[in-house]
Amino acid sequence: MILQSLLMQSRRLGPKDPSVKRLTGIFVVLVCLSLLVVEGWLTWRARTIQLAQSEVATANLAQAVGQHAYDTIKAADTVLVGLVERIESDTPSDIDYERTHQLLVQRVAELPQLHGIFVYGADGSWLVNSQPVLLKNQNNADREYFKFHQAHPDLGPHIGVPVRSKSTGEWILPVSRRINAPDGAFAGVVLTTIRMDYFIEFYRRFDIGKSGAILLALDNGTMLVRRPFTQKAFGRDISKLPLFRDHLPKAPVATVTFTSGQDGITRVNSYRRLKQYPLVVSAALSKDEILAKWRADAYLNGATVGLLVIAFGLSGFRLIKQIGLRIQAEAELVKARDSLEALNQTLERLAMQDGLTGLANRRQFDTSLSSEFSRAMRDASSLALIMIDVDCFKQYNDIYGHAAGDECLRAIGKVVSDSKHRPGDLAARYGGEEMAVLLPGADVDGAMRVAENIRAAIAALKLEHTGNSTGLVTVSAGVEAFAPARLRSEPIDLVIAADKALYQAKHSGRNKVCISPLNDTSTPEIVLA
Ligand SMILES: Nc1nc2c(ncn2[C@@H]2O[C@H](COP(=O)(O)OP(=O)(O)OP(=O)(O)O)[C@@H](O)[C@H]2O)c(=O)[nH]1
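Residues numbered from 1 in each chain as written. Predicted model: local features only at pLDDT ≥ 70, side-chain atom pairs only at ≥ 80, totals over all residues. Heavy atoms only, no water.

For the protein, an unreviewed UniProt entry supplies the name diguanylate cyclase and the organism Pseudoduganella violacea. On record in UniProt, under Catalytic activity (unreviewed entry), the comment for the protein is "2 GTP = 3',3'-c-di-GMP + 2 diphosphate". (UniProt positions renumbered as here; feature names shortened; annotations may be inferred.)

Right, here's the structure in full:
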């Protein structure tokens, strides 16, 4: 549509306006560039939105994972707090291990995340636990959590590193508290173990794509569990990886994009340090997977817009070419018209001109005589005619040949042509060796003067003519002039009268100018019968 209107505009403005072609080119380029810029901007915006949405998604996921870790540990720790209080308030001899055993078995059955609950004495010996059969000849003094509480008077919960259960072989996460004797001395450890499978099952529920990741770690950089799952992850030191080394020290909660030090995949990571426990959780989505759909859309849209730009550009190019061709065609047309006009003028001139002498021909003479006669009649002005005839021209041809005769006529024609002084004067070849001069506005005297000048000028050419009595080429002329009156005279009357005067000049010896015998100089208007 737009291109059509441009084509119409180019027609309206015409081919001589080259700016139409330039404007069309600029328009096509601008439209193509605009399409590309808008497409590029939209694509970039879609990418930004996609990444922003994924940041919200990972932040929500990290929040959910953090809440789950907190709830799981909190439930286990609540059991420990109750146990410690109970044990510390009783003297060891008062503790009813049988009843406590039943209680612990019941607790583990109630809380699905718990693998077991254990109470160890100050030497690491098993006092009571949640195992179905109460074994007492075991010792856990070698475990990390036991040594920790032995060495630390801190009464808060301690989260250890995942270990394989001595009783079941399952991977478990130990959460423990210290038991103090009334004097504050170390009196043992209470421990709950959380099944690592409990975390794994929970993390498995989330759709995080093929390369997403979920992490639970101690805040000292000890990994507890990670999806994708691998047993090597349990207890691994990741304190030197970007999350712990670069990002956690800056902010306890944030969303950052970085390349994993473990698998080299760039992910959008949301992490948070839990306030209540020394834990860090992180949820991450692969940037490649986040942008996969966007990338497919971008390729499709890019290809569509690219095709559109190519199609539009080609149409524009065709249009510009058409405008160019049109400009060229019209310029050629104008050129052809100009040369045709020039040719017509030449033809017109040739049609009104005598080929030999260059004077007006008989046709133009007749036309001019008629129009000047009418004008003189309207203006009541005089119109004069001189008829000129070369003397003894037959002899000239006979003596010097026809070609020389032509040359002679050409020389005489030039003199006759030069006799015109006013714009309306017309010198014509009347026929053969006879010429005529039409003088609008001239009276008999004026015409006689012009005729005499012509005669004298031709004689002054001194063209040899041995067949003429003077020995030179001479002419005779007859003159008539009158102011034509309506219904009383016609153009031919002027010719007849001038011709009669010429006849008189011939018969009175040639090389003369005679006035029409019909002309009465006292009355310019002569009525011819
Ligand atoms: N070379 C040449 N001769 C022409 C041309 N037109 C007419 N003539 C010749 O002019 C001559 C005119 O001869 P005439 O009419 O007998 O008159 P004249 O010989 O001039 O004798 P006067 O008029 O009585 O002096 C003829 O021989 C024509 O052939 C022309 O274009 N070229």
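Caption draft 1: The arrangement of the overall build of the protein in detail. Helix and strand counts for the protein stand at 13 helices and 16 strands. Per-residue burial for the protein yields a buried fraction of 44% across its 529 residues. Within the protein, contacts between residues at least 6 apart in sequence are counted, and of these 61% link residues at least 24 apart. (Helix = DSSP H or I, 4+ residues; strand = E, 2+ residues; numbered from the N terminus. Buried < 20%, exposed > 50% of the residue type's maximum accessible area, 1.4 Å probe, protein only. Contact = heavy atoms within 4.5 Å.)

Caption draft 2: Here's a closer look at the UniProt feature "transmembrane region" (unreviewed entry) in the protein. UniProt's entry tags residues 20-44 and 298-320 with the feature "transmembrane region" (unreviewed entry), counted in the numbering of this structure. Here residues 298-320 is 100% helix and 0% strand, with 31 Å between the C-alpha atoms at its ends.

Caption draft 3: Main features of the nonpolar core. Counting residues in each nonpolar core, the largest one holds 49 residues, and the members touching the most others are L216 and L279. Ranked by residues supplied to this core, first place goes to helix 2 (residues 19-89) with 12 residues. Apart from residues no more than four positions distant in its own chain, L279 is found in contact with A69, I73, I159, L216, A217, L218, D219, L224, R272, R273 and L274. (Core = buried A, V, L, I, M, F, W, Y, C linked by side-chain atoms within 4.5 Å.)

Caption draft 4: Region of the structure containing the pattern of salt bridges. Evaluated as defined, the whole model comprises 19 salt bridges. As a salt-bridge pair, D246 and R245 come within 2.9 Å of each other at their nearest N and O atoms. Owing to a relative accessible area of 27%, D246 belongs among the partly exposed residues under this scheme. For R245, a relative accessible area of 48% gives the class partly exposed. Notably, a salt bridge pairs R326 with E330, separated by 2.8 Å at the nearest N-O pair. With R326 and E330 both in helix 8 (residues 292-351) and four residues apart, this pair spans about one turn of that helix. Taken together, the shared-partner salt bridges in this structure form one network comprising R226, D263 and R267. (Salt bridge = Lys/Arg side-chain N within 4 Å of Asp/Glu carboxyl O.)

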